[in-house]
Amino acid sequence: MTVLLELKEKLCAFYSKYEAYLLPIIKFLLAAVTFWLIKEKLGYMERLNSLSLLLILALICAILPSAALLLVTALLISLHCYALSMPVGAIIVVLFVVMYLLYFRFAPHYGYNALLVPIAYILQIPYMIPVANGLLQQPSAIIPTICGTVTYYLLKGVIANANSLATVAEDETLLNKFQEAINQFTGNREMYLVCAVFVFITLVVYMIRRMPIDYAWQIAIVTGVLLQFLIFFAGYMQFGMSNKNMTLTVGCIVSALLLTVIQFFTFNLDYTRTERVQFEDDEYYYYVKAVPKQYVATRAKTVKKINTNRRDTGRRQELQAQQEQEDDMDSHITDEL
């Protein structure tokens, strides 16, 4: 444990020292991964698939606020969907406008949640997102998380039905094409289940971690992951999607491990040294519970530099002094004789 605490302190000190350089790098990597996934999963407009163009856009987003990254991401997705089918592109644009208004109104500081959700789905660990929201953020963070979830399932439906959405029959009107595109979005029962579970888990985890009890964060993590597993397991069985239960099990286990790492770096307390103090003023009497953080001072390495030139000079002076002493003694003996 001491080694882990020392590593934590070194990492925190390193990030604090170089935060001005690390934050743009992290934003650049997030933007680059997002744009690359859009190119690989959609890629219907060839002009936007240039790797150099995507890297330039990622570099621009690295020095701008998170809202710029969301705007560029929405623009790329809309253009790709428009290249596939005009009705699909129109629906995507309207949906993104609604999401953007909700994001700016209620959760302007949690924009990255909307980008992390699709990435977490691709990595098969979306179950950590609502728990992390409840641990690290306010309940309003669920809004961009829901926006990211809706976007993921909408694009998943578009990709799965790209051929039918891109093909227009002779007897098919534009209104029928709009209706088909909307049905791809509104008929997804799994999306509604995920949105409802994410909202519920975020609120439960947030309430538990705010409780003044020992190991509140650990209890919140276990409760959040376990509730998700039970609800999704029952939901998949109800919808006839039992083939997802293995992915659900592995994803919940990996999510719990990653959430434990997050808890170690953000809220690591030593409950064995809990103190309870009480004091009063003119109007109130206070009962305070103080739990210290687990902390260990990093061992500083001291390097002792030995100047070999000075050492050799000192040795020569010492030998010269001994030689002079011997010469004085010999001369003294000679004088006496």
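Placed above this text is the structure.
Being a predicted model, the structure only gives us computed values, none of them experimental.

**Overview of the state of the cysteines**
This structure, assessed with the given rule, holds zero disulfides. For the unlinked cysteine Cys195, the closest cysteine sulfur is that of Cys147, found at 9.2 Å. Overall, the relative accessible area of 13% leaves Cys195 in the buried class.

**Brief notes about the environment of Val88**
Its location among the elements puts Val88 in helix H5 (residues 86-106). Each C-alpha atom, one on Val88 and one on Ile182, is 8.2 Å from the other, the two residues being 94 residues apart in sequence.

**Thoughts on the pattern of salt bridges**
Scanning all chains against the criterion turns up two salt bridges. The shortest N-O distance in the salt bridge between Lys39 and Glu40 comes to 2.8 Å. In this structure, Glu190 engages Lys244 in a salt bridge whose closest nitrogen and oxygen atoms are separated by 2.7 Å. Placement of the pair is Glu190 in helix H11 (residues 189-209) and Lys244 in the loop between helix H12 (216-238) and helix H13 (245-266), with a sequence separation of 54 residues. Judged by relative accessible area, which is 8%, Glu190 ranks as buried. On the basis of relative accessible area, Lys244 is assigned to the partly exposed category, the value being 22%.

**Observations concerning the packing of aromatic side chains**
Two measures describe an aromatic ring pair: the distance that separates the ring centres and the angle between the ring planes. Scanning the entire structure with this criterion turns up eleven aromatic pairs. Taken together, a centroid distance of 4.9 Å and an interplanar angle of 50 degrees make the contact between Phe14 and Tyr18 tilted. For Phe14, a relative accessible area of 45% puts it in the partly exposed group. With a centroid separation of 5.8 Å and an interplanar angle of 25 degrees, the aromatic rings of Phe232 and Tyr236 are classed as stacked. With Phe232 and Tyr236 both in helix H12 and four residues apart, this pair spans about one turn of that helix. Across the pair, Tyr236 and Phe232 agree in class, each one buried. Members of the aromatic cluster, connected to one another through ring pairs, are Tyr121, Tyr152 and Tyr153.

Procedures and definitions
- Residues numbered from 1 in each chain as written.
- Predicted model: local features only at pLDDT ≥ 70, side-chain atom pairs only at ≥ 80, totals over all residues.
- Heavy atoms only, no water.
- Disulfide = S-S within 2.5 Å.
- Buried < 20%, exposed > 50% of the residue type's maximum accessible area, 1.4 Å probe, protein only.
- Helix = DSSP H or I, 4+ residues; strand = E, 2+ residues; numbered from the N terminus.
- Salt bridge = Lys/Arg side-chain N within 4 Å of Asp/Glu carboxyl O.
- Phe/Tyr/Trp six-rings, centres within 6.5 Å; stacked < 30°, edge-to-face > 60°.

All quantities given are derived from atomic positions and should not be read as evidence of function.
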